[in-house]
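Single-letter residue listing:
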Amino acid sequence: MQVSDCFVSAPGKAILHGEHAVVHGKVALAVSLNLRTFLRLKATASGKVCINLPNIDTFLCWDVSELQQLTPYSCAKREELKCLNPELVRRLREFVGVTNGKLDTCDMATIAFLYIYLSVFGSGELPSLTVSVWSELPTGAGLGSSAAFTVCLAAALLCASGAIPSPLKEWDHTARWRQEDLELINSWAFQGETIIHGNPSGVDNAVGTWGGMLRFLAGKIMPLSRVPLLRILLTNTKVPRSTKVLVAGVKDKINKLPSVLNPVLDSVDAISATCEKVLSDMTSEPITGEHYNILEDLIDINQHHLNAMGVGHPDLDRLCRVTLTRGLHSKLTGAGGGGCGITLLRPETDSAVVQGTVQDLRDCGFDCWETSIGGPGVQQHSPLSVKDDVLEVLNQY
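Here is what the cut-offs are and how they apply
- Residues numbered from 1 in each chain as written.
- Predicted model: local features only at pLDDT ≥ 70, side-chain atom pairs only at ≥ 80, totals over all residues.
- Heavy atoms only, no water.
- Helix = DSSP H or I, 4+ residues; strand = E, 2+ residues; numbered from the N terminus.
- Rg over C-alpha atoms; globule rule 2.2 N^0.38 Å.
- Buried < 20%, exposed > 50% of the residue type's maximum accessible area, 1.4 Å probe, protein only.
- 1 Å grid on protein atoms, 1.4 Å probe; cavity = no way out; pocket = protein on both sides within 12 Å on 5 of 7 lines; lining within 4 Å.
- Points joined across faces, edges and corners; volume = space filled by probe spheres on them.
- Nonpolar A, V, L, I, M, F, W, Y, C, P; charged D, E, K, R; others polar.
- Disulfide = S-S within 2.5 Å.
- Core = buried A, V, L, I, M, F, W, Y, C linked by side-chain atoms within 4.5 Å.
- Contact = heavy atoms within 4.5 Å.
- Expected span 1.5 Å × (residues − 1).
- Arc of directions from axis to C-beta.
- Axes fitted to C-alpha atoms, helices over the stretch in contact; angles between N-to-C directions.
- Left-handed = near helix turned anticlockwise from the far one by under 90°.
- Pairing = 2+ DSSP bridges.
- Polar contact = N/O pair within 3.5 Å; in protein donor to acceptor, adjacent residues only side chain to side chain.
- Salt bridge = Lys/Arg side-chain N within 4 Å of Asp/Glu carboxyl O.

Visitor: Any details on the overall build of the protein chain? Residues and values, ideally.
Guide: For the protein chain, the helix and strand inventory stands at twelve helices and 13 strands. Relative to the 2.2 N^0.38 estimate, which gives 21 Å for 397 residues, the radius of gyration of the protein chain is 21 Å and therefore close to what a compact globule would have. Seen through its principal axes, the protein chain has C-alpha atoms that stretch 60 × 50 × 40 Å. Looking at the protein chain as a whole, 55% of its 397 residues qualify as buried.

Next comes the structure, spelled out in structure tokens:
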């Protein structure tokens, strides 16, 4: 073990514009949320490997000697990271006692952890360690909570194994890894996402790794170098939805009415491009009210387009109406059909307006947080930089 005690965090994500349009060859913009997953990796002499899963009251432990028997199946060279090791996944399913049927969230997160742990350390002696995780992100809400988890796992385990160096100097509170190290973290995180989701786009783990804003087009992901930090309200309507069903519904509607829906997709593409330009301008010139006027117009237009595409929901409409009564502009984020929405806050928005809006949304039965978008990706922390309440949770294990 190279690192005896390591604290890392990674952000969740929201789709700013381009929901559903991206699967039809259009641009989507994904942004990091300053709601983060925190992980502590601690080397021990217990002869065990233990983990608590984020926001799940589950603490799991295995004997290192048991896991050592799986190492012959865990060899993974750096150039092979694009391909999941199906034999190791099969063995791990047997190991955790799931050979048939659908895995639940706990099972998938467990297998993702063991897969990365065995693959990173498998060529040598497996270390005893305890991993504790806590997240500000709600799970299953389309906010990239699983990707934030796998990015944290990848960063901490790679750092502990010596595969990447610790970026944290003695005088630092937080630090970021070098580009080549971030690429390796992202590759391993994608492996974890593949175990959890089957066929992920790679956007969520890329946002968790690099932060800021990413441009996603035709399977290619490009991090944007500079993005302004924007305040938002993030609201979870708590309405369950199926991304697979919603995507299939949009595709079916486009096939039935191509001359009607294709122009809508073209408009969403133009919205993404315009938003990207405005955000870029906001990093290179003084930010004005006009910048926010344009962003608000784009939010309103995109939300109407998403309703036209059939992925709206009465509770998302209610969210938009409630915030608009206070002069704020909102849209859904992610697949739609429920799930979450984002509300843009101007710098001059009075705190009383924000607090009143949050209360109005909570009165609707929604969960609501004030946060920001465009923050940093995966980071290593000194214990001094971790908030006391988070540190208290991470120190319990």
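Visitor: Tell me about empty space enclosed by the protein, and please be specific about residues and values.
Guide: A full pass over the atoms with the stated rule returns one cavity of 30 Å³ or more. The computed volume of the largest cavity comes to approximately 90 Å³. Every residue lining the largest cavity is listed: Leu 16, His 17, Leu 230, Ile 232, Cys 275, Leu 295, Leu 298, Ile 299, Ile 342, Thr 343, Leu 344 and Ile 373. If you list the elements that add at least two residues to the lining of the largest cavity, you get strand E1 (5-17), strand E9 (230-236), helix H9 (289-308) and strand E11 (340-344). Partitioning the lining of the largest cavity into residue classes produces ten nonpolar, two polar and no charged.

Visitor: Any chance you could break down the state of the cysteines for me, citing the residues and the numbers?
Guide: Enumeration according to the criterion identifies one disulfide in this entry. With a sulfur-sulfur separation of 2.1 Å, Cys 50 is cross-linked through a disulfide to Cys 61. Here Cys 50 and Cys 61 share a disulfide; its torsion about the S-S bond, 115 degrees, makes the bridge right-handed. You can see Cys 50 sitting in strand E3 (residues 48-52) and its partner Cys 61 sitting in strand E4 (residues 59-63), a full eleven residues away along the chain. A disulfide-free cysteine, Cys 6 has its sulfur positioned 4.9 Å from the sulfur of Cys 159, the nearest such atom. What makes Cys 6 buried here is its relative accessible area of 0%. Among the residues examined, Cys 159 registers a relative accessible area of 1% and is labelled buried.

Visitor: Please provide a residue-by-residue account of the nonpolar core, values included.
Guide: Phe 113, Tyr 117 and Ile 185 are the most contacted members of the largest nonpolar core, which totals 92 residues. Take this core: its biggest share by element is 13 residues, from helix H3 (residues 105-121). When neighbours within four sequence positions are excluded, Phe 113 is seen to be in contact with Val 49, Ile 51, Trp 62, Leu 129, Val 131, Leu 153 and Leu 157. Residues Val 264, Leu 265, Val 311 and Phe 366 belong to the second largest nonpolar core, which totals 25 residues.

Visitor: An account of helix H7 (residues 243-256) is needed here, citing residue identities and associated values.
Guide: Compared with the 20 Å implied by 1.5 Å per residue over 14 residues, the 20 Å span of H7 between its first and last C-alpha is a close match. Residues of H7 that are buried: Leu 246, Val 250 and Ile 254. For H7, the angular spread of buried residues about the axis comes to 75 degrees, placing them on one side. The exposed set on the far side of H7, more than 90 degrees from its buried face, consists of Lys 244, Val 245, Asn 255 and Lys 256. The elements touched by buried residues of H7 are helix H8 (258-284).

Visitor: Help me get a handle on the packing of helix H5 (residues 179-197) against helix H6 (residues 203-210), residues and values and all.
Guide: Where H5 meets H6, the axes come as close as 9 Å, and the angle between the chain directions of the two elements is 145 degrees. Here the hand of the crossing between H5 and H6 comes out right-handed. Contacts between H5 and H6 involve Gln 179, Leu 182, Glu 183, Ile 185, Asn 186, Ala 189, Phe 190 and Glu 193 on the former and, on the latter, Asp 204, Asn 205, Ala 206, Thr 209 and Trp 210. Residue composition of the contact of H5 with H6, by class: six nonpolar, four polar and three charged.

Visitor: Describe the pairing of strand E7 (residues 213-217), and please don't skip the residues or the numbers.
Guide: Pairing between strand E2 (residues 28-43) and E7: four bridges, direction antiparallel. Bridge pairing in E7 places Ala 30 opposite Leu 214. With four bridges connecting them, E7 and strand E8 (residues 220-223) associate as antiparallel partners. By the bridge assignment for E8, Arg 215 is matched with Met 222.

Visitor: Tell me about the environment of Glu 136, and please be specific about residues and values.
Guide: Mapping Glu 136 onto the fold places it in the loop between strand E5 (129-135) and helix H4 (145-161). Its relative accessible area of 18% is what places Glu 136 among the buried residues. With near-sequence residues (within four places) excluded, Glu 136 lies in contact with Asn 34, Leu 35, Arg 36, Phe 38 and Lys 387. A distance of 2.8 Å separates a polar atom in the side chain of Glu 136 from the backbone nitrogen of Arg 36. At 2.8 Å, the side chain of Glu 136 forms a polar contact with the side chain of Lys 387.

Visitor: Please provide a residue-by-residue account of unusual backbone geometry, values included.
Guide: Phi is positive for Ala 218, close to 50 degrees, though the residue is something other than glycine. Judged by relative accessible area, Ala 218 falls into the exposed class, the value being 61%.

Visitor: Please set out the pattern of salt bridges residue by residue, giving values where relevant.
Guide: Close approach of charged atoms allows side chains with opposite charge to pair. Enumeration according to the criterion identifies 19 salt bridges in this entry. A salt bridge links Arg 91 to Glu 87, with the shortest nitrogen-to-oxygen separation between them at 2.8 Å. On the criterion of helical spacing, the pair formed by Arg 91 and Glu 87 is a turn pair, its members being four residues apart in helix H2 (residues 86-95). With its nearest N and O atoms 3.3 Å apart, the salt bridge here joins Asp 252 to Lys 256. Here the residue Asp 252 and the residue Lys 256 both occupy positions in helix H7, the gap between them amounting to four residues, near one helical turn. For Asp 252, a relative accessible area of 38% gives the class partly exposed. On the basis of relative accessible area, Lys 256 is assigned to the exposed category, the value being 62%. One network of salt bridges, in which partners are shared, links Glu 87, Arg 90, Arg 91 and Glu 94.

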